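# Understanding the architecture of this molecule
The chain contents come next:
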Amino acid sequence: MSDTGVRIRAGRLDEIEAVLEFWLLAAENTDRHDSAEGVRRLMERDPEALMVAEIDGRLVGTLIAGWDGWRAHLYRLAVHPGHRRRGVARALIDAAEARFARFGAVRSDAMVLDANVLAHQAWTAAGYGRQTDCSRWVRSLRS
Ligand SMILES: CC(C)(COP(=O)(O)OP(=O)(O)OC[C@H]1O[C@@H](n2cnc3c(N)ncnc32)[C@H](O)[C@@H]1OP(=O)(O)O)[C@@H](O)C(=O)NCCC(=O)NCCS
């Protein structure tokens, strides 16, 4: 546990619904594809990927630290509105980077909306910078 009282641990299967509710309250532009099945699939594939921050046993933050064996990607950085500016995001990012380092990852990246200035400040403070020489190309795999 950090000196701010934040404890970072892996998310549990029995709190999937709580995490989904938490994202509706705290996360950026919650994805329309969110589902309990999707979170369960993530946990079963990689039980440590969903990182949860708690203070006094209460869920106050999340970060998905995805390691696919090749690259390290961060998603769903979210902190409860009542617990912001107390280092929770920073503690989650530090924990994710420590996890990536154990795998030998050389770089970590985050998906951040261009308009989310708040997030830009948090990521900048953690040492991240916007990549300007490439952008995400996407195609839906659903008909
Ligand atoms: C962005 C977010 C995760 C930051 O969480 P947080 O726990 O408040 O961040 P921290 O307390 O760890 O802040 C770390 C640093 O980020 C910067 N920062 C964070 N919030 C900031 C704000 N509102 N204004 C200016 N700088 C800010 C500061 O440099 C801060 O350090 P400091 O408090 O010592 O000045 C939180 O505001 C949030 O959940 N926002 C909604 C969801 C979201 O946008 N997530 C990002 C998706 S990419």
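Looking at an unreviewed UniProt entry, the protein carries the name N-acetyltransferase, with the source organism given as Microbispora corallina.

Another aspect to go through is the pattern of salt bridges. By the definition in use, this model includes 12 salt bridges. Across the pair Arg-99 and Asp-46 runs a salt bridge whose closest N-O atoms are separated by 2.3 Å. Note that Arg-99 is positioned in helix H3 (residues 88–103) and Asp-46 in the loop between helix H2 (36–45) and strand S2 (50–55), a separation of 53 residues in sequence. Three or more residues joined by partner-sharing salt bridges are found here, namely Arg-7, Arg-9, Arg-12, Asp-14, Glu-15 and Glu-54.

Moving on to the packing of helix H1 (residues 16–26) against H2. Between H1 and H2, the least distance of the axes is 10 Å, while the angle of their chain directions is 115°. For H1 against H2, the interelement crossing comes out right-handed. Between H1 and H2, the contacting residues are Ile-16, Glu-17, Leu-20 and Trp-23 on the first element and Ala-36, Val-39, Arg-40 and Met-43 on the second.

Our next topic: the nonpolar core. Among the nonpolar cores identified, the biggest contains 21 residues, and Leu-63, Leu-74, Val-88, Ala-96 and Trp-123 are the most heavily contacted of them. Counting only elements with at least two residues in this core, the list comes to S2, strand S3 (58–67), strand S4 (72–79), H3 and helix H4 (117–125). Of all the elements, H3 adds the most residues to this core, at 7 residues. Those residues in contact with Leu-74 that sit more than four places away from it in its chain are Leu-63, Ile-64, Ala-65, Ala-96, Phe-100, Ser-108, Asp-109, Ala-110, Met-111, Trp-123 and Tyr-128. Counting 14 residues, the second largest nonpolar core, distinct from the first, contains Val-39, Leu-50, Leu-59 and Ala-78.

Quick notes on the rules
Residues numbered from 1 in each chain as written. Predicted model: local features only at pLDDT ≥ 70, side-chain atom pairs only at ≥ 80, totals over all residues. Heavy atoms only, no water. Salt bridge = Lys/Arg side-chain N within 4 Å of Asp/Glu carboxyl O. Helix = DSSP H or I, 4+ residues; strand = E, 2+ residues; numbered from the N terminus. Axes fitted to C-alpha atoms, helices over the stretch in contact; angles between N-to-C directions. Left-handed = near helix turned anticlockwise from the far one by under 90°. Contact = heavy atoms within 4.5 Å. Core = buried A, V, L, I, M, F, W, Y, C linked by side-chain atoms within 4.5 Å. Buried < 20%, exposed > 50% of the residue type's maximum accessible area, 1.4 Å probe, protein only.

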